[in-house]
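# Fold and geometry: a report
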Amino acid sequence: MTEHRFKIGMYLPELAMPFDQSLAKAKEIGVEGVWFNTLGADAIPMRDMDDAAVDQIGEKVAAHGLEIFVINIGNPFKMIHLTDLDLETMEDHPDFRQEMDDLVRSMQMAARLGIGAVNAFSFAWPGEYSAAKPTWPMRWLTRGGFIADAEMAKLVRAFSLALDQAEKYNVDLALSMMPWNYTNTTANFRRLAEALNSPRLKVMWGPSDNLNCGEADVASAGFLNIHPYLHGLHIKDLRVNNGLQLDFDYCPLGEGDVDYPAILRGLRNRRSDAILSVATHFLPASGSREEAMRINVANLKRMIDNL
């Protein structure tokens, strides 16, 4: 088999640096692409930027020899509980309206800068952002939970609205995967994707998040579920200590429970052009976010070399 070239990117906010500094550091660490949803705590909010400021973002990224492979303003639909929305009136809900506006503005930015996709999340399970997390045990025991028909109808309506806008701006919509959101597993994402039936719907695949929801075969059956929809991978690693109790620890890439070598082989064998977007979520003994990113990028490159 001829050599396959992987493209490595980075979720830039993991560095917790000012934007210009983080771009320079990303290039130094050795990635090609970046993904971000903020320019830093002291910068102007992205939703308030005019077109000239958007152009400056593109110029800064290009000046460092990098490309933007996905972009989003904030985290659309990450913190909204789906049960708080009504099927017929969701567009009137103030949080939904604001985050849909942010998502559309992200699409406008992407179209202006020639970025292929924007990112969003898929709403929170009932009571997820409360101390009780009442549906977590059910979701763990059922490998991610079952989406009721009434809730699926809300997801289809919400993302149909978003995909109409994506078509207008000629960009894809890449959904993130979190244990706390409805597309928490490859099976749940696949069910939503098939209901929407849009070539614009993509995914930033999070194998560690899938595993953390009880999807033990994420590197095999999960890969087959998700591969047709890949825009990129959100790469981090973790150890699940007690899934039912939501007891887990993030750790350096390759030291956790995710079978990344199998995933990388699958991507290589299919000549996938999905971006490998490195995240961290752990801190080494030094407490340095930069060191954590260097560790994960180096570990990923070592895994690729060892395929």
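Notes on the structure in this doc start here.

So, how was this worked out
Residues numbered from 1 in each chain as written. Predicted model: local features only at pLDDT ≥ 70, side-chain atom pairs only at ≥ 80, totals over all residues. Heavy atoms only, no water. Helix = DSSP H or I, 4+ residues; strand = E, 2+ residues; numbered from the N terminus. Rg over C-alpha atoms; globule rule 2.2 N^0.38 Å. Buried < 20%, exposed > 50% of the residue type's maximum accessible area, 1.4 Å probe, protein only. Contact = heavy atoms within 4.5 Å. Areas by Shrake-Rupley, 256 points an atom, 1.4 Å probe, with all protein chains shown as cover. Lys, Arg positive; Asp, Glu negative; His and termini not counted. Charge placed at Lys NZ, Arg CZ, Asp CG, Glu CD. Salt bridge = Lys/Arg side-chain N within 4 Å of Asp/Glu carboxyl O. Pairing = 2+ DSSP bridges. Axes fitted to C-alpha atoms, helices over the stretch in contact; angles between N-to-C directions. Parallel < 35°, antiparallel > 145°, perpendicular 65-115°, else oblique. Left-handed = near helix turned anticlockwise from the far one by under 90°. Nonpolar A, V, L, I, M, F, W, Y, C, P; charged D, E, K, R; others polar. Expected span 1.5 Å × (residues − 1). Core = buried A, V, L, I, M, F, W, Y, C linked by side-chain atoms within 4.5 Å.

### Details of the overall build of the protein
- Scanning the protein from N- to C-terminus turns up 10 helices and 10 strands.
- Its C-alpha atoms give the protein a radius of gyration of 19 Å, within 12% of the compact-globule value 19 Å for 307 residues.
- Its C-alpha atoms give the protein principal-axis dimensions of about 50 × 45 × 40 Å.
- A buried classification covers 54% of the 307 residues belonging to the protein.
- Look at the contacts in the protein between residues 6 or more apart in sequence, and 76% of them connect residues 24 or more apart.
- For the protein, the exposed area adds up to about 12,900 Å²; of that, 48% sits on carbon and sulfur atoms.
- Considering the protein, the positive charge centre built from 30 side chains and the negative charge centre built from 41 side chains are found 5 Å apart.

### Thoughts on the pattern of salt bridges
- In the structure shown here, the tally under the stated rule is 22 salt bridges.
- Ionic pairing is found between Glu91 and Arg157, a salt bridge with its closest N-O pair at 2.5 Å. Separated by 66 residues along the polypeptide, Glu91 in the loop between β3 (67-71) and α3 (94-113) and Arg157 in helix α5 (residues 149-169) bring together distant segments of the chain.
- In this structure, Glu128 and Lys133 form a salt bridge, with 2.7 Å as the shortest nitrogen-oxygen distance.
- Classification of Glu128 by relative accessible area gives buried; the value is 0%.

### Digging into the pairing of strand β10 (residues 275-278)
- Side-chain alternation along β10 places Ile275 and Ser277 on one buried face and Leu276 and Val278 on a second face that is also buried.
- Taken together, the three bridges between strand β1 (residues 8-11) and β10 define a ladder with parallel strand orientation. Bridge pairing in β10 places Ile8 opposite Leu276.
- Pairing between strand β7 (residues 230-235) and β10: four bridges, direction parallel. Looking at the pairing, Gly232 lines up with Ile275 of β10.

### As for the packing of α5 against helix α6 (residues 186-196)
- Between α5 and α6, the least distance of the axes is 10 Å, while the angle of their chain directions is 60 degrees. Judged on the interaxial angle alone, α6 and α5 are oblique. Regarding α5 and α6, the two cross each other, and that crossing is right-handed. Taken together, the residues of α6 that come into contact with α5 (itself represented by Asp149, Met152, Leu155, Val156, Phe159, Ser160 and Leu163) are Arg191, Leu192, Ala195 and Leu196.
- Among the residues forming the contact of α5 with α6, the class breakdown is eight nonpolar, one polar and two charged.

### Here we look at α5
- Helix length check: α5 (21 residues) gives 30 Å between terminal C-alpha atoms against 30 Å at 1.5 Å per residue, within 8%.
- Taken together, the buried positions of α5 are occupied by Glu151, Met152, Lys154, Leu155, Ala158, Phe159, Ala162, Leu163, Ala166 and Tyr169.
- Buried residues along α5 sit in contact with α3, β5 (172-176), α6 and β6 (201-205).
- At the exit of α5 stands Asn170, carrying a positive phi of roughly 60 degrees.

### Describing the packing of helix α2 (residues 51-63) against α3
- At a minimum axis distance of 10 Å, the contact between α2 and α3 shows a crossing angle of 55 degrees. If you check the angle between α2 and α3, you find them oblique. The handedness of the crossing between α2 and α3 comes out as right-handed. On the side of α2, the interface is formed by Asp51, Val54, Asp55 and Gly58, while α3 contributes Arg105, Met109, Arg112 and Leu113.
- For the contact of α2 with α3, the residue count by class is three nonpolar, one polar and four charged.

### Here we look at the nonpolar core
- Of all hydrophobic cores here, the largest spans 93 residues; its most connected members are Phe36, Phe123, Phe159, Leu173 and Trp205.
- Per-element accounting of this core gives the leading share, eight residues, to α5.
- Counting eight residues, the second-largest nonpolar core is a separate cluster that includes Trp35, Phe69, Val70 and Ala117.

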